[in-house]
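If you want the building blocks of each chain, they are given just below.
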Amino acid sequence: MAEFSWDVRSPLDRALAVGRYGGHGDAGVALTEIRNFDLIQVMARRGKAAEMAKAAEGRFGVAAPETPKVVQTADATLIWSGPDQFLVRSKGDKHGMAALAPLLAGSASLSDQSHARVLVSVSGAKARTMLAKLSSIDLHPGVFAVGAAAATSMDHTSVTLWRGNDRADGQAVFNVLVFATFAESLWHTMQDSAAEYGVAIGHSEEF
Amino acid sequence: MRIVCPFCGERELGEFTYLGDAKPVRPTADAGEDAVHDYVYLRDNVAGVMSENWYHGGGCRAWLKVTRNTLTHEIAAVEPAAGAGAAKVGA
Amino acid sequence: MAGAQTNRLDNGGLIDRTAPLKFRFDGKSLSGFQGDTLASALVANGVKLVGRSFKYHRPRGILTAGSEEPNALVELRTGARREPNTKATTAELYEGLEAASQNRWPSLSFDVMSVNQLFAPIFVAGFYYKTFMWPAKFWEAVYEPAIRRAAGLGRAAGVADPDHYDKVWAHCDVLIAGSGPAGLAAALAAGRSGARVILCEEDFAFGGRLLSDGGMIDGLPAAEWLSRTLAELAAMPDVRIMARTTLFGVYDGGTYGALERVNDHVPSPPEHQVRQRLWRIVAKRCVVAAGALERPIVFAGNDTPGVMMASAMRTYVGRYAALPAKRIALFTNNEDGWRTVETALGAGLQIAAVIDARPDISPSHRSLASRNGFTVLHGSVSGVDGGKDGVRKIAVSLTGGARAEVEADGLAVSGGWNPAVGLTSYHRGRPKWRDDIAAFVPDGAPPGMVAAGAANGNFGLGACLAQGFAAGAAAAHNTGHNGKAGTAPVADDETFSLTPLWHVAGKGKAFVDYQHDVTASDIELAQREGFESVEHLKRYTTLGMATDQGKTSNVAGLAIMAAVTGKSIPDTGTTIYRPPYVPVAIGAFAGHHRDETFHATRLTPSHHWAAEQGAVFVDTGLWKRAQWYPRAGEKDWLQSVTREVKAVRSGVGFCDVSTLGKIDVHGPDAGAFLDRVYINTFTNLAVGKARYGLMLREDGIVYDDGTTSRLAEGHYFLTTTTAKAGLVMQHLEFCRQVLFPDLDVQLTSVSDQWAQFSIAGPKTRELLKEIVDPAEDLSNEGFPFMGAREVALRGGIKARLFRISFSGEMAFEISVPARYGEAMARNLMRAGEPLGVTPYGTEALGVMRIEKGHVAGPELNGTTTAADLGLGKMMSTKKDFIGRVMAGREALVAPDRQVVVGVKPTDRARRLRSGAHIIPKGQTPGPGNDQGYVTSVCFSPTSDQWIGLALVERGRERIGEIVHAHDPIRGEDYEVELCNPVFYDPDGGRQRG
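Rules of the game
- Sequence order as written defines the numbering, with residues in each chain counted from 1.
- Each chain gets a letter, beginning with A, and each ligand a number, beginning with 1, in the order they are written.
- Predicted model: local features are reported for residues with pLDDT of at least 70 only, side-chain atom pairs are reported and counted for 80 or more only, and whole-chain, interface and lining totals are derived from all residues.
- Note on conventions: DSSP H or I runs of at least 4 residues are helices, E runs of at least 2 residues are strands, and numbering of each starts at the N terminus.
- Comment: burial labels come from other C-beta atoms within 10 Å of the residue's own C-beta, placed from the backbone, where a count of 20 or more is buried, 12 or fewer is exposed, and between is partly exposed.
- Two residues qualify as being in contact provided that their C-beta atoms, derived from the backbone, are within 7 Å of each other.
- Taken over C-alpha atoms, the radius of gyration is set against a globule rule of 2.2 Å times the number of residues to the power 0.38.
- All amino acids are sorted into three groups, where Ala, Val, Leu, Ile, Met, Phe, Trp, Tyr, Cys and Pro are nonpolar, Asp, Glu, Lys and Arg are charged, and the leftover types, Gly among them, are polar.
- Domain limits in this description derive from either an automatic procedure or a database domain assignment.
- Whether two strands pair depends on DSSP finding at least two bridges between them.
- Axis definition: a line fitted to C-alpha atoms, limited for helices to the stretch in contact. Angles are taken between N-to-C directions and run from 0 to 180 degrees.
- Two helices crossing with the near one rotated counterclockwise from the far one by less than a right angle form a left-handed crossing, whereas a clockwise rotation gives a right-handed crossing.
- The pLDDT value tells you how sure the predictor is about a given residue, anywhere from 0 up to 100.
- Put simply, angles under 35 degrees are roughly parallel, angles over 145 are roughly antiparallel, angles from 65 to 115 are roughly perpendicular, and the rest are oblique.

(A) The overall build of chain B, seen in detail. Broken down by element type, chain B carries one helix and six strands. In terms of overall dimensions, chain B has C-alpha extents of about 40 × 40 × 20 Å along its principal axes. Per-residue burial for chain B yields a buried fraction of 30% across its 91 residues. Long-range contacts, defined here as pairs at least 24 residues apart, represent 48% of the contacts in chain B between residues at least 6 apart.

This is the structure we're talking about:
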């Protein structure tokens, strides 16, 4: 019997080269892939919005977003992804399929998307300038505040975009959740868009 | 052109796909061939305000009913399709 | 040694004399300064002749100092960066700039084609239409190439553009076009009020006419007010002012297009930087402060080099300290033209005379003339004596009929000013006529847009500031910003008294449209020939077409048409205005969407593994798919594909089929929902089973097909074809949200969640046993054909296993979460090594499906019904479904429809080609007996000959008949036999085994 292993490989494994890219000097943009997370799509059943909301609040201790927002708890991120639906991002099967299914059975349909998406976090002094090349969304701090989310497109590719908590240095952090098979393509486009400002590239398993 | 998605807010045209006239209603199963023929093929060619089906496929995937003036492209109203946001039905 | 700047003043102007720049024009080395345009540097070097005209090859000089320039078009740069038809008047000078004049041969000063002038009488309006009518076949072969060589403008580079471009979005409350006094005042008011402001300025310097004309604002010299204002705006965090940026268009919903020339002012863009950037600006309000364009007066010889717009002459002298002439005359019909005299005198130029067409001249101008010793002539310029070296003498028709002559080497002309009505008119707004300034002003601007200052017909400095400020404050207020705007900047208004004058009769050609060589007599001819409507006039004479879009010519052209038809100018009307305001390179619209990044690309989970194996990839929609895996020694694709097919049919192979669309259908009504979208029934599908499903369009034609499995009571897993994945998702959402909103069903794409592989061949189970946990029963009883369920794999992960077959072999499809996809490919290779496992690509997949008679894209071609495909029996009669009623229409169930059938050449050695028409044996091919065509072909290793599928009239009744395959495109005609489309294992024993 052959010996084999099930290596988990990020769709960006080949394209992402840790280090510096593009213009010299201080990197204006940091692109960081966040790896290894669980992602569950929760879709309320017909007429069951209130029931689902109650079950979700019981589980997460906060109300799930009903408008384009993101809600952060200690061990989960709840991201609005459309009417009657949101994504639950967590780690280590905390809020994975097995944990959520019994709780939401009857009020919502669940779909495991853990392998279907790639998450890239974009920050740095030039993050907004660079994202303006890709996103038609107005990311002005007064318009797209911490906790704002959007189901939108970048470079003709559907993404879920949200603004997480600011970095320790006060700079805004934008998270881009993209379909896995599009990820390498969008990654190259992001890298090219950021090149003139200098890019610091990395990946992380931090939640 | 920009469309105010009732779920997402104002978005650029590129996120949406146009389908066409939202007025024709799919006939019931027992309707005859003539009714279905009209539903499939007969469309008003409106120079002015009409109701249209648009899909926010580059966003929240909701189907929308958009009231648009075909002469000026002015959009008077945008409503979700009956089954978009159906989880709140009866709430 | 670069040429001396003979015509440069020692002092003054906004050029940096400490930063000299060398450049070449037509190979000659010249020099200029930082702050010059190519045009101002040419002026400073005494260059008057800059190009040859479009049709007559007449010598032309610089007419204007802005983006309205019709004459001074050059080829800028060399090699791959060579850019034709670039306006010397807006091209910024940089070190090493190379420019060449256009439309001349062998040289600018001696141009052979200028003999065209001798034939001028025949090159009238409509010349091309009248002359090159026939013979028609001569058009492409003879006329067009000859015309293109003789006429036309610059040459394209002919090779790929080496530079990069990008596109960017911006959002603001108030967008302002132009940084002249009105635009800056608007920005101040809006910015101070707290609005988000974007100001776009076409020039590389801010200030508009202030840069050339100066003046006093708030008691300060204009230059000082300008620098204070720019500093104040720069300090506002939500105000962005952009130089080198032209706002070129307005689109629906307050979306605007602007082009930023990021690095046009340097030889080549720095590393990682773009050449130009296209801005898509979303603005709640827009203030158009784009100014006005001075207009020429049409008179004989008005295109002689040295004849220049009066304001342009002021700009060259005042802003660039460059002298277009030593001794100038002014021809004006308004007060503003006189300012050029003042500027010229200040620079020490001689004034030969002022020819003023108005009846009255102010006492102050009379005293200016007498103080400076020049004459003021009442009348009009009727002719210019000069040539490629410039103006020599000017003939004047004096009021009352006498004639006079003026000796001068330059002639400044002012026919008044036309507000820049482009932006305000792009939504079919028709500008309205204002008699006091004899010009069109904006009317019917798009929602949210207003014009201010000169763009609105208010030419005085004080009025520009006041109106700009008021417009900026109002725009801010209307977008909810009510901060303290302070008071408007104050300045005096200059007088502007104008007596309209468009055309002076005289001998010789009098040009209306310089760029297209349209003369006053062409317009008269067009009218005589019935092309009176302005839109006809434009097309017939080419007036106002091409890169300048008639910025200097349109209104004069209308005025001349009005005069010959006896109508008023407003009754004559204007043509429709359309964006872009200035030419925009296609590269800027494309942005980064070119070459490899033309569109987004999707990669399968095993892509990089396949690349390692040396796979040849094919673009399938956005996907890259492995087409075949060549091995050393294989001479062509056919050999590789044949090997792959044989390996599968005799052993085992696998193929990444993750590109299929995959949709989770959840909810209590999931089955009922599928019953409505598929022609067959899914409510009765048992959990753990898969079923082939076919969808129709509502018109009864087949839409898509795929296998759908029931994984749980309320959970189906639906697959689509690769090509239609996105469209089927959209269609299903339409069904769910619009057609059947009462059903409780939820849909989500899981296409990217699963890496899916087809494993096929008689040794499939042997291979799977190595991968799947030994506890799983894969026997025919434990996992029968069309079974579908979750299984555990060795190593602890879970997979979904489907016993379905596209190849006709014993086969499974296995899905693992996508990040295991590459590991799955490697594990299949490792585990399958003793079995000779062979990865196969889309070609082998296609061969096997044709051998098996499965339909795919070429048969699901938007014209076929389920019955045409041999799947009519799948249509349920017990339920309603999309397409049911229309599928029953007479024409769609007619017995003579073209239906899927197999075809094979009677000569087994012959290659079959798709597209060949099916013609009954013995008949001469023609539309009357065309009975169908060959849809899919392959070389079948199993049959050892070329085989195919075809759509043939009554095909299924004609099995065994010999017909013609007629292929006129390839010049082939051969016999084929109609046969059962299932060439391989017709009773299906292998896939069920």
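Following the structure, the description resumes.
(B) Expanded view of the overall build of chain A. Secondary structure summary: chain A contains four helices and 12 strands in total. Computed over its C-alpha atoms, the radius of gyration of chain A comes to 18 Å, within 12% of the 17 Å expected for a compact globule of 207 residues. Summarising the internal contacts of chain A: among those between residues at least 6 apart in sequence, 67% fall at separations of at least 24.

(C) Representation of the interface of chain C and chain A in the model. Taken together, the 37 residues of chain C in the interface contact 44 residues of chain A. Of all elements in the fold, only β8 (165-177), β30 (602-603), β34 (661-666), β38 (746-749) and α22 (821-832) of chain C reach the threshold of two or more residues within the side of chain C that touches chain A. Looking at which element gives the most residues to the side of chain C that touches chain A, the answer is β8(C), with six residues. Of the residues that constitute the side of chain C that touches chain A, the class distribution is 12 nonpolar, 15 polar and 10 charged.

(D) Here's a closer look at the interface of chain B and chain C. Between chain B and chain C, the contact holds 20 residues from the first and 17 residues from the second. Of all the secondary-structure elements, those providing two or more residues to the side of chain B that touches chain C are α1 (33-41) and β4 (49-55) of chain B. Examining the composition of the side of chain B that touches chain C, we find that three residues originate from one element, α1(B), more than from any other. Residue composition of the side of chain B that touches chain C, grouped by class: 11 nonpolar, five polar and four charged.

(E) Spotlight on helix α9 (residues 363-372) of chain C. With respect to burial, α9(C) is a largely exposed element, only zero of its 10 residues being buried. Count one or two residues on from α9(C) and you reach Gly373(C), which has phi positive near 70 degrees.

(F) Structural view of the domain arrangement of chain A. Residue and element names in this part refer to chain A. Along its sequence, chain A is organised into domain 1 (19-35 + 116-204) and domain 2 (38-112). In this structure, domain 1 and domain 2 have C-alpha centres spaced 25 Å apart. Facing nine residues of domain 1, the contacting portion of domain 2 comprises 10 residues. Within the residue set of the side of domain 1 that touches domain 2, elements represented by two or more residues are β9 (149-154) and β10 (157-163). The element contributing the most residues to the side of domain 1 that touches domain 2 is β9, with three residues. Residues of the side of domain 1 that touches domain 2, tallied by class, amount to five nonpolar, three polar and one charged.

(G) Spatial organisation of helix α8 (residues 338-346) of chain C. Of the residues making up α8(C), those classed as buried are Trp338(C), Arg339(C), Thr340(C), Val341(C), Thr343(C) and Ala344(C). At its buried positions, α8(C) is contacted by α5 (210-213), α7 (310-318), β18 (327-332), β19 (350-356), α9 and β23 (410-414) of chain C.

(H) Structural detail: the sheet that holds strand β6 (residues 83-87) of chain C. All names here are of chain C. If you trace the five strands from one edge of the open sheet to the other, you get β2-β1-β7-β5-β6, paired in mixed fashion. Each of the sheet's edge strands pairs with one partner strand only, and the pair in question is β2 (28-34) and β6. When strand polarity is set aside, the average angle formed by the axes of neighbouring strands in this sheet is 40 degrees.

(I) Structural detail: the sheet that holds strand β21 (residues 390-398) of chain C. All names here are of chain C. Read across the sheet, seven strands follow the order β17-β23-β18-β19-β20-β21-β22 without closing on themselves; strand pairing throughout is mixed. The open sheet is flanked by β17 (307-309) and β22 (403-407), the only strands paired with a single partner. Averaged over all neighbouring strand pairs, the angle between strand axes comes to 35 degrees, with direction disregarded. Sitting on the sheet, α7 touches β17, β18 and β23, and the angle it makes with β17 is about 90 degrees.

(J) Focus on the environment of Leu19(B). All names here are of chain B. In this fold, Leu19 is placed in strand β3 (residues 17-21). Along the chain, Leu19 and His73 lie 54 residues apart, while their C-alpha atoms are 16 Å from each other. In contact with Leu19, not counting residues within four places along its chain, are Asn53, Trp54 and Tyr55.

(K) How the structure looks around the pairing of β6(C). Both strand β5 (residues 73-76) of chain C and β6(C) contribute to a ladder of three bridges, which runs antiparallel. Residue pairing for β6(C): Leu73(C) is matched across the bridge by Lys87(C).

(L) Spotlight on unusual backbone geometry. Following Pro579(C), the chain continues into Pro580(C) via a peptide bond in cis, with omega recorded as 0 degrees. With respect to the helices, strands and loops of the structure, Pro580(C) is situated in the loop between α15 (569-572) and α16 (586-590). If you check the backbone angles, Asp84(A) has positive phi at about 65 degrees while not being a glycine. Of note, Asp84(A) is situated in the loop between β5 (77-82) and β6 (85-90). We note that Arg954(C) has phi near 50 degrees; this positive angle belongs to a residue other than glycine. Mapping Arg954(C) onto the fold places it in the loop between β47 (945-953) and β48 (962-967).

(M) Region of the structure containing the packing of helix α4 (residues 181-193) of chain C against helix α11 (residues 461-478) of chain C. Residue and element names in this part refer to chain C. In the contact formed by α4 and α11, the axes pass within 7 Å of each other and the chain directions differ by 30 degrees. For α4 against α11, the interelement crossing comes out right-handed. Within the contact between the two elements, α4 uses Pro181, Ala182, Gly183, Ala185, Ala186, Ala187, Leu188, Ala189, Ala190 and Ser193 and α11 uses Leu461, Cys464, Leu465, Gln467, Gly468, Phe469, Ala471, Gly472, Ala473, Ala475, Ala476 and His477. Residues of the contact of α4 with α11, tallied by class, amount to 16 nonpolar, six polar and no charged.

(N) Representation of the confidence of the model for chain B. In the predicted model, chain B carries a mean pLDDT of 95, and 99% of its residues have values of at least 70. Among the prediction metrics, the complex's ipTM stands at 0.98, with pTM recorded as 0.94.

(O) Local environment of the environment of Met810(C). Residue and element names in this part refer to chain C. Tracing the backbone through its elements, the reader meets Met810 in the loop between β41 (798-802) and β42 (811-817). Assessed through the 22 C-beta atoms surrounding it within 10 Å, Met810 is described here as buried. Discounting residues that sit within four places of it in the chain, Met810 has contacts with Gly761, Pro762, Thr764, Arg990, Gln991 and Gly993.

(P) Here's a closer look at the pairing of β42(C). All names here are of chain C. For β42, a buried count of seven out of seven residues is recorded, marking the element as mostly surrounded by other parts of the structure. Two elements, strand β39 (residues 754-760) and β42, share seven bridges in a ladder whose sense is antiparallel. The residue bridging Ser758 from the neighbouring strand is Glu813, located in β42. As paired elements, β41 and β42 share three bridges and run antiparallel to each other. In the strand pairing of β42, Arg800 is matched with Ser815.

(Q) Expanded view of the packing of helix α12 (residues 520-528) of chain C against helix α14 (residues 554-565) of chain C. All names here are of chain C. Packing of α12 against α14 brings their axes to within 10 Å, and their N-to-C directions diverge by 50 degrees. For the element pair α12 / α14, the angle class is oblique. Between α12 and α14 lies a crossing whose hand is right-handed. Within the contact between the two elements, α12 uses Ala520, Ile523, Glu524 and Gln527 and α14 uses Gly557, Ile560, Met561, Val564 and Thr565. Across the contact of α12 with α14, the residue classes tally to five nonpolar, three polar and one charged.

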